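Architecture at a glance
One letter stands for each residue in the lines below.
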Amino acid sequence: MTSPRFTAETLSFLRRLKRNNRREWFNAHRDEYEQHVRQPMIDVIERLAVDFRSFAPDLVASPKRSLYRIHRDIRFSPDKKPYKTHVAAVFPPRDLPKHEGAGLYFHTAPDGVWIGGGMYAPQTPQLVAIREHIASNVRRLRSIVEAPTFKRRVGRLEGETLARVPRGYPRDHEAAEYLRFRQFIAGREFPPEFAVSPAFYRTLLRVFREVAPLARFLNEPLAKG
């Protein structure tokens, strides 16, 4: 079975869209978008839906829920360009409300490919619950994000952090460095041409296999709530 991936036409379309970000241009080239951007992404999502069964059954992979719309929300933005110039998909937790919890994500853009996941903007009650979970289970968290394979295939845990350990925890708490996080993001960047490489899908899976346990760990206290 051929592994799904994008094509040179995908990158060409996204680059031209970046130069011609207007409704008239997009409507005239809609068929190209459907064939070279949207359909390859759907192919990747549908293949992931099968592969997730073995390592991320708690996450959703479906075109309806995973594929981001190409249209930008410009209602409150000074930038009125109508379209995104990347194609992206998200794989959220199955048992949490929409837009809540940690998941996996990747995008392909004219300037590169990003593969990873985590939690970008937890609400305050979520963040409090996650910190309590980290404080009680820091060894488990370390076993995920400090594992040699995680470091090699993904890198390190990133995201905005507080200057100090949050109130309620001692400064010398064994989990201090992780309690300071306000975001929990782990991922890896690749050049844009990687999207068309035969190694694309294999590498996508490898990164997701490393980040999925982190997403599961972050979601555990939220599923209990």
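Preceding this section is the structure that the text describes.
This report concerns the structure included in the present document. Just so it is clear, the model here is predicted, and its values are computed rather than measured. The residue numbering used here restarts from 1 in each chain and proceeds along that chain's sequence as written. Two thresholds apply to this predicted model, a pLDDT of at least 70 for residue-level local features and 80 or more for giving and counting side-chain atom pairs, whereas whole-chain, interface and lining totals are computed over all residues. With hydrogens and water set aside, each side-chain value is computed from the structure's full complement of heavy atoms.

A closer look at the environment of Arg75
Counting from the N terminus, the helices are DSSP H or I runs at least four residues long and the strands are E runs at least two residues long. Following the sequence through the fold, Arg75 ends up in the loop between α4 (63–66) and β1 (87–91). A relative accessible area of 61% means that Arg75 is categorised as exposed. Remark: the alpha-carbon pair of Arg75 and Met41, spanning 34 residues in sequence, is separated by 26 Å. In protein, a polar contact means a hydrogen-donor-capable atom and an acceptor-capable atom, both N or O and within 3.5 Å, with residues adjacent in sequence counting only if both atoms are side-chain atoms; elsewhere, any N or O pair within 3.5 Å suffices. Of note is the side chain of Arg75, whose polar atom sits 2.7 Å from the side chain of Asp73. Only protein chains enter the accessibility calculation, which uses a 1.4 Å probe; a residue is then buried when its area is under 20% of its type maximum, exposed when over 50%, and partly exposed in between.

A few points about helix α3 (residues 30–55)
Since one α-helical turn is 3.6 residues long, residues separated by three or four positions face the same way. Between the first and last residue of a helix there are one fewer steps than residues, each counted as 1.5 Å, and that sum is the expected span. An ideal rise of 1.5 Å per residue puts 38 Å on 26 residues; α3 measures up with 36 Å between its terminal C-alpha atoms. The bend reported for a residue corresponds to the angle between axes fitted to the seven residues ending at that residue and the seven starting there. Within α3, the axis deviates most sharply at Arg38, by approximately 35°, and proline Pro40 lies no more than four positions further along. Taken residue by residue, α3 has Tyr33, His36, Val37, Pro40, Met41, Ile42, Val44, Ile45, Leu48, Asp51, Phe52 and Phe55 as its buried positions.

Some thoughts on the environment of Phe6
Residue position: Phe6 is located in the segment before α1 (8–19). Residue classification places Phe6 among the buried positions, given a relative accessible area of 2%. Once the C-alpha coordinates of Phe6 and His36 are considered, the two residues, 30 residues apart in sequence, prove to be 7.5 Å apart. Residue contacts are defined here by distance: any two heavy atoms, one from each residue, within 4.5 Å place the two residues in contact. Residues contacting Phe6, with those up to four places away along its chain left out, are Val37, Pro40, Met41, Val87, Phe106, Thr108, Ala195, Val196 and Phe200.

A look at the packing of α1 against α3
To define axes, lines are fitted to C-alpha atoms, for helices over the stretch in contact only, and angles between the resulting N-to-C directions are given on a 0 to 180 degree scale. At a closest axis distance of 9 Å, the pairing of α1 and α3 adopts a crossing angle of 115°. When the axes of α1 and α3 are compared, the crossing they make is left-handed. Contact residues: Glu9, Thr10, Phe13, Leu14 and Arg16 in α1; Glu32, Tyr33, His36, Val37 and Pro40 in α3. All amino acids are sorted into three groups, where Ala, Val, Leu, Ile, Met, Phe, Trp, Tyr, Cys and Pro are nonpolar, Asp, Glu, Lys and Arg are charged, and the leftover types, Gly among them, are polar. When its residues are assigned to classes, the contact of α1 with α3 shows 5 nonpolar, 2 polar and 3 charged. Here a crossing is taken to be left-handed if its near helix is turned anticlockwise relative to the far helix by less than a right angle, and right-handed if that turn runs clockwise.

Some words on the nonpolar core
Remark: nonpolar core denotes a set of buried residues (Ala, Val, Leu, Ile, Met, Phe, Trp, Tyr, Cys) joined through side-chain atoms within 4.5 Å. Ranked by internal contacts, the top residues of the largest apolar core, which has 67 residues, are Leu48, Phe52, Phe91, Phe106 and Phe208. Sort the elements by how many residues they give to this core and helix α9 (residues 200–224) lands first, with 13 residues. If we skip the residues at most four places from it in the chain, Leu48 touches Ala61, Phe91, Phe106, Tyr201, Leu204, Leu205 and Phe208.

Looking at the pattern of salt bridges
Every case where a carboxyl oxygen of Asp or Glu lies within 4 Å of a side-chain nitrogen of Lys or Arg is listed as a salt bridge. Within the structure shown, the criterion is met by 14 salt bridges. Ionic pairing is found between Arg72 and Asp79, a salt bridge with its closest N-O pair at 3.9 Å. With relative accessibility at 25%, the residue Arg72 sits in the partly exposed group. By relative accessible area, Asp79 is classed as partly exposed at 32%. Across the salt bridge formed by Glu158 and Arg156, the nearest N and O atoms sit 3.9 Å from each other. In this structure Glu158 comes out as partly exposed when scored by relative accessible area, which is 38%. Its relative accessible area of 58% is what places Arg156 among the exposed residues. Linked by salt bridges that have partners in common, Arg72, Asp79 and Lys81 make up one network.

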